[in-house]
Amino acid sequence: MAKKEIAEETVEVAPQPTKKVKQVQEPKVPQWEFRDRMYFLKNNKQPLIFTLPGRHSARRPLLYFDEKEGVQRELRYATNQNSPFVDEQKGTATLGRIVFRDGKLFVPKEQVALQKLLSLYHPLRDQFFYEYNPVQESVNELDYINMEIDALILAKQLEIEQVEAILRVEYGSKVDKLSSSELKRDVLVFAKRNPGLFIELANDENVELRNVGVKATQQGIIKLSSDQRTFTYGDTDRKLMTVPFDEHPYSALAAWFKTDEGMEVYKHIMKKLF
């Protein structure tokens, strides 16, 4: 019998796409910039001389927690060393003093160890002193100018009643003696001088409610007791509300105006005021 020949069949398999493994790149450590640096004491303090701790002691710990190593590292300012870390310093260390004069300290670019101690590692950084950053200062100044512009625009758009309510927070009863033009002038001055506080007051609905309460008391529509604990109706002496302990009476009244009972009284007062 003739042997049957078995034909081999070749199956071509299409190449399968291989998944690319995404390599996780470690964050780059920012390079230290060699430049002169200026440091200032916070809150505009300008003593003739202020000495910042420059070495570790039990009384004034000077340590930096190294998150990578998980250990506390001792800091020390030495004028003959290239690092502010004690464990990286070699030989005999010549200790230096960190002295602010008239509230400021200039450190030239050659003193890298001192700059790094002050800019990166010192535990009192941003608590007692800070590094002057001209770029950040310009950003902050731009933000302030924009806020000032917003405050002035808002001040021009306010109704005279709103202006009166805001200025009463600053001037108190003196507001009642000012004309409309004086109120408009003073609110612009206030907005320019303190734009952050002005915008906050302009957006606080309680400011207007407090103003209504003050005016109602001045006109005898309601009365505030001599101990400033109780509001009553001016004509009937019927009790309206009791001021909670340690609260300003008109702030408490403004909050009470928002309640169901207070809203009715508020509507009644507004009819008599205007």
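Residues numbered from 1 in each chain as written. Predicted model: local features only at pLDDT ≥ 70, side-chain atom pairs only at ≥ 80, totals over all residues. Heavy atoms only, no water.

1. Regarding the packing of helix H6 (residues 205-218) against helix H7 (residues 249-256)
- Close contact between H6 and H7 brings their axes to 8 Å; oriented N to C, the two are set at 110 degrees. The angle between H6 and H7 falls in the class roughly perpendicular. Crossing angle aside, the handedness with which H6 passes H7 is right-handed. Only Tyr250, Ser251, Leu253 and Ala254 of H7 make contact with H6, whose side of the interface consists of Asn206, Leu209, Arg210, Gly213, Val214 and Thr217. (Axes fitted to C-alpha atoms, helices over the stretch in contact; angles between N-to-C directions. Helix = DSSP H or I, 4+ residues; strand = E, 2+ residues; numbered from the N terminus. Parallel < 35°, antiparallel > 145°, perpendicular 65-115°, else oblique. Left-handed = near helix turned anticlockwise from the far one by under 90°. Contact = heavy atoms within 4.5 Å.)

2. Some details on unusual backbone geometry
- Unusually for a residue other than glycine, Asn44 sits at a positive phi of about 60 degrees.
- Structurally, Asn44 is set in the loop between strand E1 (37-41) and strand E2 (49-52).
- If you check the backbone angles, Asp102 has positive phi at about 55 degrees while not being a glycine.
- On the secondary structure map, Asp102 appears in the loop between strand E5 (98-101) and strand E6 (104-107).

3. Concerning the sheet that holds strand E8 (residues 222-224)
- Taken together, 3 strands build an open sheet; the order of strands is E8-E9-E10 and the sheet is antiparallel. Pairing within the sheet leaves two strands with one partner each, and these edge strands are E8 and strand E10 (239-242). The average angle at which neighbouring strand axes cross in this sheet is 20 degrees, direction not considered.
- Pairing between E8 and strand E9 (residues 230-233): 3 bridges, direction antiparallel. Residue pairing for E9: Leu224 is matched across the bridge by Phe231. (Pairing = 2+ DSSP bridges.)

4. What about the nonpolar core?
- Counting residues in hydrophobic clusters, the biggest one holds 21 residues, and the most contacted among them are Ile222, Phe231, Leu253, Phe257 and Ile269.
- The element that contributes the greatest number of residues to this core is H7, accounting for 5 residues.
- Setting aside residues up to four positions removed in sequence, Ile222 forms contacts with Gly213, Ala216, Thr217, Phe231, Thr232, Tyr233, Gly234, Leu240, Leu253 and Ile269.
- One finds Tyr77, Phe100, Leu105 and Val107 within the second-largest nonpolar core, a separate group that totals 16 residues. (Core = buried A, V, L, I, M, F, W, Y, C linked by side-chain atoms within 4.5 Å. Buried < 20%, exposed > 50% of the residue type's maximum accessible area, 1.4 Å probe, protein only.)

5. Regarding the pairing of strand E4 (residues 71-74)
- Where strand E3 (residues 63-66) lies against E4, 4 bridges are found, and the strand directions are antiparallel. Bridging from a neighbouring strand, Phe65 pairs with Gln72 of E4.

6. Observations concerning the packing of helix H3 (residues 160-171) against helix H5 (residues 195-202)
- For the pair H3 and H5, the least separation of the axes is 10 Å and the interaxial angle reads 130 degrees. It follows that H3 is oblique to H5 by the angle criterion. As for how H3 packs across H5, the hand of that crossing is right-handed. Seen from H3, the contacting residues are Ile166, Val169 and Glu170; seen from H5, they are Leu197, Phe198, Leu201 and Ala202.
- Of the residues that constitute the contact of H3 with H5, the class distribution is 6 nonpolar, no polar and 1 charged. (Nonpolar A, V, L, I, M, F, W, Y, C, P; charged D, E, K, R; others polar.)

7. Some points on the environment of Lys267
- Mapped onto the secondary structure, Lys267 falls in helix H8 (residues 260-273).
- A residue is classified by how much of its surface remains accessible, and Lys267, at 45% relative accessible area, is partly exposed.

8. Quick word on the packing of aromatic side chains
- If you walk through the whole model with that rule in mind, you get 13 aromatic pairs.
- With a centroid separation of 6.2 Å and an interplanar angle of 75 degrees, the aromatic rings of Phe40 and Tyr132 are classed as edge-to-face. A residue pair is termed long-range when its members are at least 10 positions apart, and Phe40 in strand E1 and Tyr132 in the loop between strand E7 (129-131) and helix H2 (134-157) qualify at 92 residues.
- The exposure class of Phe40 is partly exposed, given its relative accessible area of 24%.
- A relative accessible area of 35% means that Tyr132 is categorised as partly exposed.
- Seen in terms of ring centroids, Tyr64 and Tyr121 are 4.8 Å apart; in terms of plane orientation they differ by 70 degrees. Their pairing is edge-to-face. Taken as a pair, Tyr64 in strand E3 and Tyr121 in helix H1 (residues 112-121) lie far apart in primary sequence, 57 residues in all.
- Looking at Tyr64, the relative accessible area reads 28%, which means it is partly exposed.
- An aromatic cluster of three or more residues is present, and its members are Tyr39, Phe50, Phe100, Phe128 and Phe129.
- In this arrangement the basic side chain of Arg37 is found over the ring face of Trp32, its NZ or CZ atom lying 4.0 Å from the centre. (Phe/Tyr/Trp six-rings, centres within 6.5 Å; stacked < 30°, edge-to-face > 60°. Lys NZ or Arg CZ within 6 Å of the ring centre and 35° of its normal.)

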